[in-house]
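Spelled out from the first residue to the last, the chains are:
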Amino acid sequence: MDLNVFFKELDLIFKKGNIKEAEDFVLEWMQKAQEEGNVPALLAIANELGGIYRVTSRFEEAKNAYSIAAQAVKLLNLENTEQYGTTLLNLASVYAASKSNREALKLYEQAAEIFEKCGLSNDYRLAALYNNISHVYDELNELTQAEFNAEKSLRIIETLPDFPIEMATSCTSLACIYLKQKRYHEAERNLFTAEKIFKNQEGRLNPHYAATLSALGELYYHTGNYTLSIQYFEQALDLVREHYGENISYASICRNLAQVYDKAEIPSKRDECNAMADKVEERISKI
């Protein structure tokens with residue numbers, strides 16, 4: 001079993017944007033790894049499967065996949081290694097996505113401690129991890145800690161010119177904190193930086209750009225420019241749908257867009273967005 005082939009083929013599927021095809025492909029390789037008793041392959045593949053389930057809001061299935069990865073870590077005696085830190089990070093992301101924020105925070109901080117001990121203090125993975133920690137604190141409305149961790153992420157990623165997407169993501173996270181603090185000029189500056197980075201990338205738009213678009217929608221909602229707010233939220237919806245389908249993030253953006261249409265006094269569009277959010281949330285609740 002050649003994992004280089006696995007990742008190459010999976011990357012091609014992701015570039016096509018077909019999440020169902022990616023799931024089927026990973027499940028097929030997962031079965032092969034289990035049949036062969038290939039524990040290292042199982043670790044890598046289970047992490048990929050968990051990621052697919054996470055972005056499609058299938059959180060219990062994601063937890064199960066990452067549990068398989070955690071068991072593989074133990075079988076390989078890889079506790080306190082980068083692999084274990086990555087598995088903890090992935091599991092934490094599921095808890096964060098399902099709004100179990102305190103559990104997510106504990107796992108993220110364990111992963112950060114492991115990464116630092118492994119000498120990754122200037123690595124993009126640690127920058128991404130601090131960004132995730134910042135997001136959880138933001139969700140908990142502990143904005144001082146959220147800003148502190150977002151700035152730690154940005155300080156690392158600014159020294160790594162080969163990771164523009166991570167730079168854009170860090171700028172977006174910091175901007176979202178500024179939005180909550182009504183520091184709109186600082187938020188706009190960071191979001192424009194992120195937007196420029198995403199637009200300068202070759203090929204299809206990166207799915208992480210949706211968070212930047214959504215934050216710009218929120219910025220212009222708060223500053224009263226409802227036309228721009230609607231434009232950015234609509235772009236965010238299209239990008240999420242294209243890459244992940246109508247998941248929980250899609251429903252959340254629909255709710256935000258409904259609020260803008262309400263302020264803009266377009267009740268038909270407001271009701272349409274709320275109805276779409278209801279439909280998606282009901283479907284997800286039955287999974």
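Residues numbered from 1 in each chain as written. Predicted model: local features only at pLDDT ≥ 70, side-chain atom pairs only at ≥ 80, totals over all residues. Heavy atoms only, no water.

A. Just the overall build of the chain, in detail. Regarding its fold elements, the chain presents 14 helices and zero strands. Listed by position from the N terminus, the elements making up the chain come as α-α-α-α-α-α-α-α-α-α-α-α-α-α. In terms of overall dimensions, the chain is globule-like: its C-alpha atoms have a radius of gyration of 19 Å, near the 19 Å expected for 287 residues. Overall, the C-alpha framework of the chain stretches about 60 × 40 × 35 Å when taken along its three principal axes. Counting only residues that meet the buried cut, the chain has 46% of its 287 residues in that class. A separation threshold of at least 6 residues defines the contact pool for the chain, and within that pool the share at least 24 residues apart is 57%. Summing over all exposed atoms, the chain offers an accessible surface of approximately 14400 Å²; the carbon and sulfur share of this is 49%. Charge-centre separation for the chain: the mean point of 31 positive side chains lies 3 Å from the mean point of 43 negative side chains. (Helix = DSSP H or I, 4+ residues; strand = E, 2+ residues; numbered from the N terminus. Rg over C-alpha atoms; globule rule 2.2 N^0.38 Å. Buried < 20%, exposed > 50% of the residue type's maximum accessible area, 1.4 Å probe, protein only. Contact = heavy atoms within 4.5 Å. Areas by Shrake-Rupley, 256 points an atom, 1.4 Å probe, with all protein chains shown as cover. Lys, Arg positive; Asp, Glu negative; His and termini not counted. Charge placed at Lys NZ, Arg CZ, Asp CG, Glu CD.)

B. Up close: helix α6 (residues 101-117). For α6, spanning 17 residues, the distance from its first C-alpha to its last is 24 Å, which sits close to the expected 24 Å at 1.5 Å a residue. Residues of α6 that are buried: Asn101, Ala104, Leu105, Leu107, Tyr108, Ala111, Ala112, Ile114 and Phe115. (Expected span 1.5 Å × (residues − 1).)

C. Focus on the pattern of salt bridges. Inspection of the entire model under this criterion finds 23 salt bridges. For the salt bridge of glutamate 142 with arginine 102, the shortest nitrogen-to-oxygen distance reads 2.6 Å. Separated by 40 residues along the polypeptide, glutamate 142 in the loop between α7 (124-139) and α8 (143-157) and arginine 102 in helix α6 bring together distant segments of the chain. Under the relative-accessibility criterion, glutamate 142 is labelled partly exposed at 27%. Assessed through its relative accessible area of 44%, arginine 102 is described here as partly exposed. One salt bridge connects glutamate 272 with lysine 269, and the closest N-O pair in it is separated by 3.7 Å. (Salt bridge = Lys/Arg side-chain N within 4 Å of Asp/Glu carboxyl O.)

D. Local environment of α8. Between its terminal C-alpha atoms α8 stretches 21 Å, which fits the 21 Å expected from 15 residues at 1.5 Å a residue. On its buried face, α8 sits against α7 and α9 (164-180).

E. Seen up close, the nonpolar core. Val26, Ile45, Tyr108, Leu129 and Ile133 are the most contacted members of the largest nonpolar core, which totals 97 residues. In terms of residue count, helix α3 (residues 39-55) provides more of this core than any other element does, ten residues in total. Leaving out residues up to four positions away in the same chain, valine 26 has contacts with Phe6, Leu10, Ile45, Leu49 and Ile52. (Core = buried A, V, L, I, M, F, W, Y, C linked by side-chain atoms within 4.5 Å.)

F. Representation of the state of the cysteines in the model. Per the counting criterion, the structure on display carries zero disulfides. Here cysteine 254 stays free of any disulfide, with the sulfur of cysteine 273 as its closest cysteine sulfur at 5.6 Å. Overall, cysteine 273 belongs to the buried group, its relative accessible area being 7%. (Disulfide = S-S within 2.5 Å.)

G. Local environment of the packing of helix α1 (residues 3-16) against helix α2 (residues 19-36). Packing of α1 against α2 leaves a shortest axis separation of 8 Å and a crossing angle of 165°. It follows from the interaxial angle that α1 and α2 lie roughly antiparallel. The hand of the α1/α2 crossing is right-handed. Residue-level contacts link Val5, Phe6, Glu9, Leu10, Ile13, Phe14 and Lys16 of α1 to Ile19, Glu21, Ala22, Phe25, Val26 and Trp29 of α2. A class-by-class count of the residues in the contact of α1 with α2 yields ten nonpolar, no polar and three charged. (Axes fitted to C-alpha atoms, helices over the stretch in contact; angles between N-to-C directions. Parallel < 35°, antiparallel > 145°, perpendicular 65-115°, else oblique. Left-handed = near helix turned anticlockwise from the far one by under 90°. Nonpolar A, V, L, I, M, F, W, Y, C, P; charged D, E, K, R; others polar.)

H. Structural detail: unusual backbone geometry. With phi around 65°, asparagine 80 is a residue other than glycine that occupies positive phi space. Residues other than glycine seldom take positive phi values, yet glutamate 265 does so here, at roughly 60°. Position of glutamate 265 relative to the elements: it lies in the loop between α13 (248-263) and α14 (267-285). Judged by its relative accessible area of 69%, glutamate 265 is exposed.

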